[in-house]
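# Secondary and tertiary structure notes
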Amino acid sequence: GPAMYLAINRPSGGGGGGNSSAHSNTFAITNPAKNATRPPEKQRFFNWLFDPLTDLAVKLATTNSNMLTMAVKEGGWTSSALDHNQPLFNPFGVNDISKGRAVGNHHYPDLTTALLYWKTKYGPRVQGVTDPQQFVYNLQHPKPGQGQPYNDVSSASYEAEFMADYNAVVKYRGRCGY
């Protein structure tokens, strides 16, 4: 990527020479992303979803970290994922299904409708569950009458991936001021 530069001005001379000019040293920062403690795409994600998913978490008696992790796992928090899902009001990457196959992401009229859909369809599986491992387990292993596993395409690795995303959510929410 493009290099960023940091200029440091320091007074030169010393003693009684009366030289008051400043010298500038410029250093290239070759990988600004490594130095970013508050990545802009993560900030954008939390700005968009922290409050609404906290409200949903309260209604389900779970944690906002669990709900934020669902959004990271299913919708993503890269700039391209947010560019795609925000206009669709689709934080969980919900697909339209035709003949048993996903045929594209669902476009909700607003975020409230998307969250109500998720709460109605999947909320009973996670109601009162605060432990993240139990939360994802309940989504992947529904009780009789609760439908199919939340994600049966990547079911072998889904729970481990969820936990890795959970740890990232906890890390970046603090860095982003949430």
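Described below are features of the structure shown in this document. Because the structure is predicted, anything quoted here is derived from the model rather than measured.

## Considerations on the pairing of strand β3 (residues 95-98)
Examined bridge by bridge, β3 and strand β4 (residues 101-105) share three bridges and lie antiparallel to one another. Note on β4: the bridge partner recorded for Ile-97 is Ala-102. The hairpin formed by β3 and β4 contains two residues between the paired strands, and Lys-99 there has a positive phi angle of roughly 55 degrees.

## Considerations on the side chain of Gln-43
Secondary-structure assignment places Gln-43 in helix α2 (residues 40-60). Here the side chain of Gln-43 touches Arg-38 through a polar contact of 3.5 Å, side chain to side chain. Gln-43 has contacts with Arg-38, Cys-176 and Tyr-178, leaving out every residue within four places of it along the chain.

## Overview of the environment of Tyr-108
Inspection of the secondary structure puts Tyr-108 in the loop between β4 and α5 (111-126). Judged by its relative accessible area of 5%, Tyr-108 is buried. For the pair formed by Tyr-108 and Pro-87, sequence separation is 21 residues and the distance between their alpha carbons is 8.9 Å. Residues in contact with Tyr-108, not counting those within four places in the same chain, are Leu-88, Phe-89, Asn-90, Val-94, Thr-113, Ala-114 and Tyr-117.

Cut-off values and rules
Residues numbered from 1 in each chain as written. Predicted model: local features only at pLDDT ≥ 70, side-chain atom pairs only at ≥ 80, totals over all residues. Heavy atoms only, no water. Pairing = 2+ DSSP bridges. Helix = DSSP H or I, 4+ residues; strand = E, 2+ residues; numbered from the N terminus. Polar contact = N/O pair within 3.5 Å; in protein donor to acceptor, adjacent residues only side chain to side chain. Contact = heavy atoms within 4.5 Å. Buried < 20%, exposed > 50% of the residue type's maximum accessible area, 1.4 Å probe, protein only.

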